[in-house]
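Report on the structure
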Amino acid sequence: MKLRIFTEPQEGATYTDLLAVAQATERLGFDAFFRSDHYQRIGAGDPGPGSTDAWITLAGLARETSTIRLGTLVTPATFRLPGPLAISVAQVDRMSGGRVELGLGTGWYDGEHAAYGIPFPPVGERFGRFEEQLEIIRGLWTAEGPYSFEGAYYRLADSPALPKPAQRPRPPIIIGGGGAKRTPPLAATDADEYNVPFHTPAETGAAFDRVRRAADEAGRTLILSAAQTVCVGRDRAELERRAAAIGTGMDELREKGLAGTPAEVLDKLGALAELGAERVYLQVMDLADSDHLELIAAEVLPHV
């Protein structure tokens, strides 16, 4: 199992904050640094300096790291047109020497769309745009000549389909979510990895099974992964201090996250591995708590 660090910068983090965490992620031996793609804080609380743009951030980190994978969980299809998004991700992939992964989703948080003038269509249209974006981005990255597309929402005419990403035929694509109807067939045909975020082990296992069945029918195999909020402490006092710092109760963290002593967290990771998870994204909410990453790297990472 590979452990990846996953951050939520919309809760208030500067590029300098993210750089420190990304470089610690690399130094400590984690597999990847991922970030959410949001433009404002979700829920109540101090917004701090505000959010940062995901792909501008990753472009900077591409030049200031050298080994870790970099990506988003997940970029909303509502935020960017598919052609410019394909260009941005391909460029960051080249800047990183081929270390980028694209998590792509439909978009869900209507508040940030309203705040920044981004259209937020009904869910059916969002899925339709999402499906077309997946096809367009793959097409632009893999086309050997000009690329054209005619869909219900997007039309591309004789695109030069450049620049190409460093990874060939293309960077990996991640699709996530626990939906039971549209998500499994879409992940089975269009994704390289399927991610289940912030669900209980039972819910995660059920979602994995649905996608496995769909992938079998499509004649494909996918990497399965989970995202979980992480809160590790050497003792109860340290655990409670970390839970209080991120404003989440211990009961919730234990039910849907990875909370406990290093040994307890290893047991939970083992349970996720038994369900089929090959990667786990550790959602780190307190980016200033560098000792937290050090503890996970020393007491959890070597044993997975």
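Please refer to the structure higher up on the page.
Residues numbered from 1 in each chain as written. Predicted model: local features only at pLDDT ≥ 70, side-chain atom pairs only at ≥ 80, totals over all residues. Heavy atoms only, no water.

If you look at the biggest cluster of nonpolar residues, it comprises 73 residues, and the most contacted ones within it are Phe 30, Trp 55, Tyr 194 and Leu 282. Per-element tally for this core: the top contributor is helix 5 (residues 123-142), with seven residues. Apart from the residues within four sequence positions on either side, Leu 282 is in contact with Leu 3, Arg 4, Ile 5, Phe 6, Phe 30, Gln 228, Val 230, Leu 258 and Ile 296. Membership of the second largest hydrophobic core comes to seven residues, among which are Phe 34, Leu 73, Ile 174 and Tyr 281. (Core = buried A, V, L, I, M, F, W, Y, C linked by side-chain atoms within 4.5 Å. Buried < 20%, exposed > 50% of the residue type's maximum accessible area, 1.4 Å probe, protein only. Helix = DSSP H or I, 4+ residues; strand = E, 2+ residues; numbered from the N terminus. Contact = heavy atoms within 4.5 Å.)

This part is about helix 6 (residues 183-190). Burial of helix 6 is extensive: six of the eight residues sit out of reach of the surface. Of the positions making up helix 6, those classed as buried are Thr 183, Pro 184, Leu 186, Ala 187, Ala 188 and Asp 190. The inward-facing, buried residues of helix 6 contact helix 5, strand 8 (173-176), strand 9 (193-197) and helix 7 (201-218).

Examined against the element boundaries, Leu 224 turns out to sit in strand 10 (residues 223-232). A relative accessible area of 4% places Leu 224 in the buried class. Residues Leu 224 and Arg 279 lie 55 residues apart in sequence; the distance between their C-alpha atoms is 6.9 Å. Once you skip the residues sitting within four places of it in the chain, Leu 224 turns out to touch Tyr 194, Phe 208, Arg 212, Gly 276, Ala 277, Glu 278 and Arg 279.

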